[in-house]
Amino acid sequence: DQEADPTPAPEAEPITLEEVRAVLAAKSVQGHTAQVQALIHKRGVEKLSQVDPAQYAGLLAEAEAL
């Protein structure tokens, strides 16, 4: 019998506002400003700082697809 590894898998580091801001700023510089704003507004807010941190991963994934 093989026992399961008793140590839990390390959790991924939470995504920070600064990381999201850096990716969105880069996309804006590349000419995607309107799309970046649309991604933020899609979350029901006007500014990136108002986005719920729980939504950062999804926002990053959508931004990186631009």
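Structure first, text after, so check above.
Residues numbered from 1 in each chain as written. Predicted model: local features only at pLDDT ≥ 70, side-chain atom pairs only at ≥ 80, totals over all residues. Heavy atoms only, no water.

(A) A look at helix 2 (residues 56–64). Taken together, the buried positions of helix 2 are occupied by Y56, L59, L60 and A63. For helix 2, the angular spread of the buried residues around the axis is 100°, confining them to a single face. Buried residues in helix 2 make contact with helix 1 (17–42). (Buried < 20%, exposed > 50% of the residue type's maximum accessible area, 1.4 Å probe, protein only. Helix = DSSP H or I, 4+ residues; strand = E, 2+ residues; numbered from the N terminus. Arc of directions from axis to C-beta. Contact = heavy atoms within 4.5 Å.)

(B) Broad picture of the nonpolar core. If you look at the biggest cluster of nonpolar residues, it comprises 13 residues, and the most contacted ones within it are V20, L24, I40, L48, V51, Y56 and L59. For this core, the element with the most residues is helix 1, which contributes 6 residues. Not counting the four nearest positions on each side in its chain, Y56 is found in contact with I15, T16, L17, V20 and V51. (Core = buried A, V, L, I, M, F, W, Y, C linked by side-chain atoms within 4.5 Å.)

(C) Structural context of the pattern of salt bridges. Under the defined criterion, the tally for this structure stands at 2 salt bridges. We note a salt bridge from E62 to K42, for which the minimum N-O separation is 2.8 Å. Placement of E62 in helix 2 and of K42 in helix 1 is noted, with a sequence separation of 20 residues between them. Owing to a relative accessible area of 27%, E62 belongs among the partly exposed residues under this scheme. A residue is classified by how much of its surface remains accessible, and K42, at 57% relative accessible area, is exposed. For E62, the salt bridge goes to R43, with nearest N and O atoms at 2.7 Å. Taken together, the residues span a long stretch of sequence, with E62 in helix 2 and R43 in the loop between helix 1 and helix 2 at a distance of 19 residues. For R43, a relative accessible area of 18% corresponds to the buried category. Through salt bridges with shared partners, one network takes in K42, R43 and E62. (Salt bridge = Lys/Arg side-chain N within 4 Å of Asp/Glu carboxyl O.)

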